[in-house]
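Structural overview for review
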Amino acid sequence: MSAEVAALRRYQNIDDAGCRVFQDSLELVGRRWTGAILLAGMRGARRFGEYRAAVTGISDRLLAQRLKELESDGLVERTVIPSSPVQIRYAPSADGQALMSLLQPLIDWSHRRLRAPQARADAGKGASD
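Here's a quick rundown of the structure. (Residues numbered from 1 in each chain as written. Predicted model: local features only at pLDDT ≥ 70, side-chain atom pairs only at ≥ 80, totals over all residues. Heavy atoms only, no water.)

Turning our eyes to something else, we now look at the overall build of the protein chain. The helix and strand inventory of the protein chain stands at six helices and two strands. Helices and strands appear in the protein chain in the N-to-C order α-α-α-α-α-β-β-α. The C-alpha atoms of the protein chain give 20 Å as radius of gyration, which overshoots the globular expectation for 129 residues (14 Å, by more than 25%). With the principal axes as the frame, the protein chain shows a C-alpha extent of 65 × 50 × 20 Å. A total of 129 residues make up the protein chain; the buried ones form 21% of that total. A separation threshold of at least 6 residues defines the contact pool for the protein chain, and within that pool the share at least 24 residues apart is 42%. Accessible surface, the protein chain: about 9400 Å² in total, of which carbon and sulfur atoms supply 54%. One finds the centroid of the 19 positive side-chain charges in the protein chain at a distance of 5 Å from the centroid of its 15 negative side-chain charges. (Helix = DSSP H or I, 4+ residues; strand = E, 2+ residues; numbered from the N terminus. Rg over C-alpha atoms; globule rule 2.2 N^0.38 Å. Buried < 20%, exposed > 50% of the residue type's maximum accessible area, 1.4 Å probe, protein only. Contact = heavy atoms within 4.5 Å. Areas by Shrake-Rupley, 256 points an atom, 1.4 Å probe, with all protein chains shown as cover. Lys, Arg positive; Asp, Glu negative; His and termini not counted. Charge placed at Lys NZ, Arg CZ, Asp CG, Glu CD.)

Now for the packing of aromatic side chains. Enumeration according to the criterion identifies one aromatic pair in this entry. Aromatic side chains Tyr 51 and Tyr 90 sit 6.2 Å apart centroid to centroid with 90 degrees between the ring planes, which places their arrangement in the edge-to-face category. Here Tyr 51 is found in helix α4 (residues 48-54), whereas its partner Tyr 90 is found in strand β2 (residues 87-92), with 39 residues between them in sequence. (Phe/Tyr/Trp six-rings, centres within 6.5 Å; stacked < 30°, edge-to-face > 60°.)

For the rest of this paragraph, the subject is the layout of surface pockets. In this structure, the largest pocket encloses a volume near 230 Å³. Together, Val 29, Thr 34, Gly 35, Leu 38, Leu 39, Met 100, Leu 103, Leu 106, Ile 107 and His 111 line the largest pocket. Contributing elements (two or more residues each) for the lining of the largest pocket: α3 (34-42) and α6 (94-128). Ranked by the residues each element gives to the lining of the largest pocket, the list is headed by α6, at five residues. Residues of the lining of the largest pocket, tallied by class, amount to seven nonpolar, three polar and no charged. (1 Å grid on protein atoms, 1.4 Å probe; cavity = no way out; pocket = protein on both sides within 12 Å on 5 of 7 lines; lining within 4 Å. Points joined across faces, edges and corners; volume = space filled by probe spheres on them. Nonpolar A, V, L, I, M, F, W, Y, C, P; charged D, E, K, R; others polar.)

Following this line, the structure appears as structure tokens:
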């Protein structure tokens, strides 16, 4: 049996509840800014301003909202440091880190896909010279 046939059979055995869980997970990961925020945390962002600097284009309001959602979903941990002024730090939780590990193949695929058009363009230049 080919790997393709085995994969199809594996997906056919997913029941309705499993399908809903999968869909919920995809919607969580696919929510705008989620990947960028988690990636910023994996790259060392801890304070709000560091996340804002790392996630180009996100507003303060939306970043605050997404961080709360990610905390609620268990993907980000929020730590309050009692100091003057109070410091709040965010970091990917163990689940957030596990998710990013699972997404690494997608990151790799994205890089290959990004380079592919340039490689095709470079190959076309050599053929016409």
